[in-house]
Amino acid sequence: MDQYFKTVYAIVWKDFVTELKTRELFSSMFIFATLVILIFIFSINLSVVDAREVGPGILWAAFIFSGTLGLNRSFMLEKENDCLQGLMLTPADRTAIFFGKMLSNFVFLTIMEIFILPLFMVFFNIDLLPHLGPLLLVVFLGTVGFCVLGTLLSSLSAHLKNREVMLPLLLYPLLVPVVIGSVRMTGQILAGKELGDMSQWIGLILCFDIIFTGAAIMTIDHILEE
Amino acid sequence: MDETSQPPSPDVAVKAVGLRKSFGWLEALRGVSFELKKGEFLAVFGPNGAGKTTLLKILSTLTRPTAGSAWVAGYDATKGDAELRKEIGVISHASSIYGDLTAFENMVFYARMYGVRDPETRAVEVVDEVGLKARLHDRAATFSRGMLQRLTIARAVIHNPSVLFLDEPYTGLDQHAAKSLTEQLAFLHTEKRALILTTHDIDRGLDTCDKAAIQVAGKFVRMDSIDEIDRKNFENLYLKTVRENS
């Protein structure tokens with residue numbers, strides 16, 4: 001078990017060191033998410049439309065689209081110089097490799113989200129601070145769901161020639177429950193509702209996270225094998 | 001228990017019995033059988049498409065055979081056992097080295113993946129062994145092809161494997177780098193370690209090996225000890241064998 005966590009740590013460490021040197025992933029995700037929000041800001045008349053109504057959808061669109069950039073990059077790193085083969089030759093448990101990549105994606109996306117939330121607050125003129133606790137919980141649950149499914153599918157599409165196109169095509173339809181749940185909950189939180197009123201949505205996202213984590217554990221061995 | 005399901009004796013490092021591999025209608029391997037003892041070095045020569053890489057991929061658990069059995073370091077290679085992967089190192093023309101990381105960081109990463117004790121010390125040690133200590137903290141992307149191949153060797157032996165597979169390691173190397181690789185292989189060829197090298201470079205292959213096999217169209221057509229080989233005429237023999245069996 002000790003070696004299992006060491007493997008997860010090794011992969012997260014490697015991805016972090018790479019990112020600290022290149023800064024490719026964070027900068028591209030952050031700029032893309034900012035652009036998505038700006039495009040919507042310029043296309044919506046906020047004096048007519050209630051920002052609390054449209055804001056959650058725009059916020060999650062920014063998270064999901066920019067997160068997809070990160071997922072594409074994540075397994076691209078492993079394909080360069082056939083590093084994925086190098087990983088497959090190690091005695092490391094395949095699920096540990098998966099969780100390492102998933103954790104890296106989760107942390108990178110969460111950092112980006114932490115930077116995007118204040119921008120969202122400023123652009124949409126919504127005070128998030130009174131709702132910060134519940135909002136962070138929703139962002140956490142939604143991001144875990146996105147990263148679990150996204151990492152699984154990006155490992156699958158890593159073997160495909162047109163992986164940049166295939167990943168969103170595979171990911172977005174399956175991600176619908178998480179996106180709907182996260183958007184609805186974010187909207188309700190901004191409307192001042194309590195988390196207790198959203199137990200169905202929380203249950204839906206939790207079920208999604210658990211089901212796809214189980215699916216990843218069961219299938220990752222076959223997916224990573226060529 | 002038939003012959004194919006029996007594990008080999010402890011002095012055997014690699015044993016393949018009737019290995020077959022098909023990709024749809026294409027038969028990449030058509031019944032490869034051989035045995036290699038600990039400390040032996042086998043060079044496998046063969047034209048493109050002979051199935052050399054497929055053979056090494058099966059032995060290194062990267063792919064499973066359609067039929068037949070294979071044992072490496074006492075483990076069944078057809079089961080993809082993690083214990084087996086602790087015993088093998090693989091060097092191919094793809095380096096599996098992260099270009100954005102330094103030589104040191106790459107080695108520390110792989111040492112951790114293999115569960116090597118004290119990864120940092122081992123990383124420095126193994127980079128020193130391949131003569132790259134001066135470039136320890138340089139990004140791998142700045143390395144020449146020859147230096148990258150030496151770093152690939154360091155990656156492959158970081159966990160001190162008992163069996164080493166080398167798939168066309170001379171590809172893309174200049175004369176100096178190829179000579180340096182031959183020296184490295186001689187260094188890696190110890191009493192306890194078995195090596196299998198696939199190559200088109202007959203002279204370099206014969207320089208280093210104890211046994212030589214010719215693989216054509218998915219089969220080992222012949223396998224001889226280096227003492228039985230007439231080195232002067234081996235190239236002609238190779239070309240004739242390939243022509244007759246293609």
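None of these values were measured; they are calculated from a predicted model.

## Quick look at the overall build of chain B
Thought 1: Scanning chain B from terminus to terminus reveals eight helices and ten strands.
Thought 2: Over its C-alpha trace chain B gives a radius of gyration of 18 Å, about what one expects of a compact globule, namely 18 Å for 246 residues.
Thought 3: Referenced to the eigenvectors of the C-alpha coordinate spread, the extents of chain B come out at roughly 50 × 45 × 35 Å.
Thought 4: Taken across its 246 residues, chain B has 57% of its residues classed as buried.
Thought 5: Once local pairs closer than 6 in sequence are excluded, the contacts in chain B between residues at least 24 apart make up 68%.
Thought 6: Summed over all atoms, the accessible surface of chain B reaches about 10600 Å², with 48% contributed by carbon and sulfur.
Thought 7: Averaging the locations of the 32 positively and 33 negatively charged side chains of chain B gives two centres separated by 3 Å.

## Regarding the nonpolar core
Thought 1: Core analysis: the biggest nonpolar cluster contains 147 residues, and Val-14, Phe-34, Leu-59, Phe-165 and Ile-196 of chain B have the highest contact counts within it.
Thought 2: Not counting chain neighbours up to four residues away, the residues in contact with Ile-196 of chain B comprise Val-14, Phe-34, Leu-36, Leu-42, Val-44, Leu-56, Leu-59, Leu-164, Phe-165 and Leu-166 of chain B.

## A short note on helix α6 (residues 175-188) of chain B
Residue and element names in this part refer to chain B.
Thought 1: Helix length check: α6, at 14 residues, gives a terminal C-alpha distance of 20 Å against a target of 20 Å (1.5 Å per residue), a fit within 8%.
Thought 2: Three or more residues of α6 are buried, namely Ala-177, Ala-178, Ser-180, Leu-181, Thr-182, Gln-184, Leu-185 and Leu-188.
Thought 3: Looking at the buried residues of α6, the elements they touch are β3 (41-45), α4 (119-129), α5 (145-157), β7 (163-167), β8 (194-199) and α7 (202-208).
Thought 4: Its side-chain oxygen 3.2 Å from the backbone nitrogen of His-176, Asp-174 forms the N-cap of α6.

## Points about the packing of aromatic side chains
Thought 1: Scanning all chains against the criterion turns up 16 aromatic pairs over all chains.
Thought 2: Every member of this aromatic cluster is reached through a ring pair, and the members are Phe-26, Phe-30 and Phe-115 of chain A.
Thought 3: Residue placement shows Lys-101 of chain A over the ring face of Phe-75 of chain A; its charged tip is 5.6 Å from the ring centre.
Thought 4: The aromatic ring of Tyr-110 of chain B is capped on one face by Arg-155 of chain B, whose charged end is 5.7 Å from the ring centroid.

## Observations regarding the pairing of β7 of chain B
All names here are of chain B.
Thought 1: β7 sits mainly inside the fold: five of its five residues count as buried.
Thought 2: Residue alternation in β7 divides its side chains into two sets, Val-163, Phe-165 and Asp-167 and Leu-164 and Leu-166, and both sets are buried.
Thought 3: By the bridge criterion, five bridges tie strand β6 (residues 88-92) to β7 in an arrangement that is parallel. Bridging from a neighbouring strand, Ser-92 pairs with Asp-167 of β7.

## Regarding a nonpolar patch on the surface
All names here are of chain A.
Thought 1: Among the surface-exposed residues, Ile-31, Leu-35 and Ile-39 lie close enough to one another that they form a single nonpolar patch of about 300 Å² accessible area.
Thought 2: Within the secondary structure, Ile-39 is located in helix α2 (residues 24-43).
Thought 3: Judged by relative accessible area, which is 58%, Ile-39 ranks as exposed.

## Observations regarding the pattern of salt bridges
All names here are of chain A.
Thought 1: As enumerated under the stated definition, the model contains 23 salt bridges over all chains in all.
Thought 2: The salt bridge involving Glu-78 is made with Lys-101; its shortest N-O contact spans 2.8 Å. Linking Glu-78 in helix α3 (residues 51-79) with Lys-101 in helix α5 (residues 94-124), this pair joins segments that are 23 residues apart in sequence.
Thought 3: Through salt bridges with shared partners, one network takes in Lys-14, Asp-15, Glu-78 and Lys-101.

## Observations regarding the environment of Phe-63 of chain A
Residues and elements named next belong to chain A.
Thought 1: For Phe-63, the position within the fold is in helix α3.
Thought 2: Overall, the relative accessible area of 1% leaves Phe-63 in the buried class.
Thought 3: Here the alpha-carbon distance between Phe-63 and Val-36, two residues 27 residues apart in the chain, equals 9.2 Å.
Thought 4: Contacts of Phe-63, omitting those with residues within four sequence positions, involve Leu-109, Met-112, Glu-113, Ile-116, Leu-117 and Val-139.

## Looking at the packing of α5 of chain A against helix α6 (residues 132-157) of chain A
Between two packed helices, the angle of one axis relative to the other and the distance separating the axes together describe the packing.
Residues and elements named next belong to chain A.
Thought 1: Direction vectors running N to C along α5 and α6 enclose 140°, while the axes themselves pass 9 Å from each other. When the axes of α5 and α6 are compared, the pair comes out oblique. In this structure, α5 meets α6 at a crossing whose hand is right-handed. Residues Phe-98, Lys-101, Met-102, Asn-105, Phe-106, Leu-109, Thr-110, Glu-113 and Leu-117 of α5 touch α6, and the partners they reach there are Leu-135, Leu-136, Val-139, Phe-140, Thr-143, Val-144, Phe-146, Cys-147, Val-148, Thr-151 and Leu-152.
Thought 2: Within the contact of α5 with α6, the residues separate by chemical class into 14 nonpolar, four polar and two charged.

What counts, and where the lines are drawn
Residues numbered from 1 in each chain as written. Chains lettered and ligands numbered in written order. Predicted model: local features only at pLDDT ≥ 70, side-chain atom pairs only at ≥ 80, totals over all residues. Heavy atoms only, no water. Helix = DSSP H or I, 4+ residues; strand = E, 2+ residues; numbered from the N terminus. Rg over C-alpha atoms; globule rule 2.2 N^0.38 Å. Buried < 20%, exposed > 50% of the residue type's maximum accessible area, 1.4 Å probe, protein only. Contact = heavy atoms within 4.5 Å. Areas by Shrake-Rupley, 256 points an atom, 1.4 Å probe, with all protein chains shown as cover. Lys, Arg positive; Asp, Glu negative; His and termini not counted. Charge placed at Lys NZ, Arg CZ, Asp CG, Glu CD. Core = buried A, V, L, I, M, F, W, Y, C linked by side-chain atoms within 4.5 Å. Expected span 1.5 Å × (residues − 1). Polar contact = N/O pair within 3.5 Å; in protein donor to acceptor, adjacent residues only side chain to side chain. Phe/Tyr/Trp six-rings, centres within 6.5 Å; stacked < 30°, edge-to-face > 60°. Lys NZ or Arg CZ within 6 Å of the ring centre and 35° of its normal. Pairing = 2+ DSSP bridges. Patch = residues over 30% accessible without salt bridge, like charges linked within 9 Å, V, L, I, M, F, W, Y side chains within 5 Å. Salt bridge = Lys/Arg side-chain N within 4 Å of Asp/Glu carboxyl O. Axes fitted to C-alpha atoms, helices over the stretch in contact; angles between N-to-C directions. Parallel < 35°, antiparallel > 145°, perpendicular 65-115°, else oblique. Left-handed = near helix turned anticlockwise from the far one by under 90°. Nonpolar A, V, L, I, M, F, W, Y, C, P; charged D, E, K, R; others polar.

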